[in-house]
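# Observations on the model geometry
One-letter residues, chain by chain:
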Amino acid sequence: MRACACLLIIVPLLGATQFSPSPLDSNTIGSARWKRWTEPKDSVVAHRVAPHLSPELNVDVVVIPPRGGGAPPQKKGFCPYHFVLSLKTPFYFGLWYALNVYYNIVNKKLMNRLPLPVTLGTIQLLVGSIYVYFSWMTNIRSRPDAKFHGDSAVRSVGMYHGLGQIFSMVSMNAGSISFTHIVKALEPFFSAGVSAVVFKKLMNPVVYSTLIPVVSGVGIACLKDLSFTWLGFVTALGSNAVFACRAVFSKMILTSSNISAPNLYGLVTIEAFKFALPLVLLELFFSPAPLTSMWDDAVSASDGSTLALFKSIVFSGLFHYLNNEVMYLALNNVHPVTLAVGNTMKRVFIIVASVLVFQTQVSTTTAVGSTIGILGVLLYSLTKQHYEKLEAIGK
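Residues numbered from 1 in each chain as written. Predicted model: local features only at pLDDT ≥ 70, side-chain atom pairs only at ≥ 80, totals over all residues. Heavy atoms only, no water.

Right, let's get into the packing of aromatic side chains. All chains considered together, the criterion is met by 15 aromatic pairs. Between Phe 93 and Tyr 97, the ring centres sit 6.2 Å apart and the planes meet at 85°, which makes this aromatic pair edge-to-face. Here Phe 93 pairs with Tyr 97, and both are found in helix 4 (residues 88-113), just four residues apart, close to one helical turn. Here Phe 93 and Tyr 97 have matching classes, each one buried. A ring pair is formed by Phe 228 and Trp 230, whose centres lie 5.2 Å apart and whose planes are at 80°; its orientation type is edge-to-face. Residue Phe 228 is classed as partly exposed on the basis of its relative accessible area, which comes to 27%. (Phe/Tyr/Trp six-rings, centres within 6.5 Å; stacked < 30°, edge-to-face > 60°. Helix = DSSP H or I, 4+ residues; strand = E, 2+ residues; numbered from the N terminus. Buried < 20%, exposed > 50% of the residue type's maximum accessible area, 1.4 Å probe, protein only.)

Turning next to helix 12 (residues 261-286). Taking 1.5 Å of rise per residue, the 26 residues of helix 12 would be expected to cover 38 Å, and the 37 Å separating its terminal C-alpha atoms lies within 8% of that figure. Of all the bends found along helix 12, the most pronounced is centred on Ala 276 and spans about 30°, while Pro 278, a proline, follows it within four residues. (Expected span 1.5 Å × (residues − 1). Bend = angle between axes of the 7 residues up to and from the residue.)

Let us look at the packing of helix 8 (residues 187-199) against helix 11 (residues 230-256). Between helix 8 and helix 11, the shortest axis-to-axis distance is 8 Å and the interhelical angle comes to 45°. In this view, helix 8 runs oblique relative to helix 11, as classed from their interaxial angle. Once helix 8 is placed against helix 11, the crossing between them reads as right-handed. In this structure, helix 8 uses Glu 187, Phe 190, Ser 191, Val 194, Ser 195, Val 198 and Phe 199 to contact helix 11, whose residues at the interface are Leu 237, Asn 240, Ala 241, Phe 243, Ala 244, Cys 245, Val 248, Phe 249 and Met 252. (Axes fitted to C-alpha atoms, helices over the stretch in contact; angles between N-to-C directions. Parallel < 35°, antiparallel > 145°, perpendicular 65-115°, else oblique. Left-handed = near helix turned anticlockwise from the far one by under 90°. Contact = heavy atoms within 4.5 Å.)

Take the confidence of the model for the chain next. Overall, the predicted model of the chain reaches an average pLDDT of 77, with 74% of residues at or above 70. Averaged pLDDT values for the elements of the chain fall to 39 in helix 2 (residues 26-38) and rise to 94 in helix 5 (residues 117-137). In this model, residues 19-63 is a region of pLDDT below 50 whose contacts with residues beyond four sequence positions or in other chains number 67 contacts. (pLDDT = per-residue confidence, 0-100.)

Moving on, we come to helix 10 (residues 211-223). Counted at 1.5 Å a residue, the expected span for helix 10 with its 13 residues is 18 Å, and the 18 Å between its end C-alpha atoms agrees. Among all positions in helix 10, only Leu 211, Val 214, Gly 217, Val 218, Ala 221 and Cys 222 are buried. The buried residues of helix 10 all sit within an arc of 130° when viewed along its axis, so they share a single face. Turned more than 90 degrees off the buried face of helix 10, the exposed positions are Ile 212 and Leu 223. (Arc of directions from axis to C-beta.)

Below is the structure:
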């Protein structure tokens with residue numbers, strides 16, 4: 001409980017610090033002074049007081065070289081400021097992995113007790129919507145411009161996000177977590193297709209060729225997976241398709257407006273909840289058992305505690321939102337190649353953790369196919385980045 005409360009405070013503050021920089025003020029300058037005093041005294045460094053601001057607002061603090069000229073002395077000794085900065089990105093990645101693994105495990109345990117994936121997925125979106133509204137109302141994070149509320153482009157991304165959430169929940173409810181994430185390793189395949197259709201831009205054939213081991217590996221893994229179901233397979237593929245659309249159209253909004261990524265994700269979550277809400281009525285209508293009966297069974301499986309079941313539902317929603325929030329913070333601080341490696345490793349952690357927690361039986365064929373597919377994703381990401389760099393140099 002205490003750890004959850006700390007995360008609820010820390011994550012929005014991280015987002016506000018990263019994406020909503022304040023104007024140049026005494027606090028910013030004070031941090032620069034602290035940085036200067038923590039540098040070795042004989043070093044000569046030009047400091048950017050506010051690197052997150054636009055170039056015209058940046059100020060350089062320059063230490064004048066010693067008299068007599070000559071090359072400035074090299075920086076020596078331990079610098080606490082640089083040491084703290086060096087820990088920021090690993091901290092983001094570690095927190096992202098931990099939140100993602102925890103969310104997947106809590107989510108699967110919850111669906112084992114209450115098998116209503118559409119309803120639970122929609123409640124998670126509701127919890128995220130309440131959380132982001134709270135962040136805006138308390139000024140923990142600056143509010144987005146009113147023009148973005150109800151914007152048609154944001155609504156479209158919200159629809160993709162809502163569909164992706166529902167498909168992912170249905171897939172994990174129909175099979176194992178490991179199986180869902182093996183299939184979701186195909187996401188680059190769909191991203192490449194959506195990007196080609198939307199942006200009318202084809203990649204180098206070598207890049208497309210690296211998708212062969214991805215598709216082959218996932219196919220081999222699914223062939224002998226003991227938890228394979230057609231419903232889980234099809235909905236996992238569906239989540240890949242709509243999440244690829246979400247990523248492409250989100251990028252278009254971010255590059256054409258001044259909205260921050262966390263604020264965009266907050267608005268998308270709200271729109272996704274609005275989209276998914278009618279689907280809850282359909283699930284409850286076609287449910288094989290009455291909701292009251294399923295709720296009583298879920299309470300019994302929660303040691304007879306209604307409060308424990310309620311906490312599990314709320315926490316699943318909070319961790320669903322927070323893990324995506326921290327993901328945006330991590331992605332904003334790393335090179336795309338680092339992102340590709342990190343995203344690949346994230347799936348490995350989730351698969352391994354789920355196998356250990358739920359004692360999922362994994363065949364040798366599934367393990368080999370999963371390895372080929374995940375390494376194929378990494379190869380695709382590295383190759384894509386290589387050719388994008390060559391294209392940029394050619395221009």
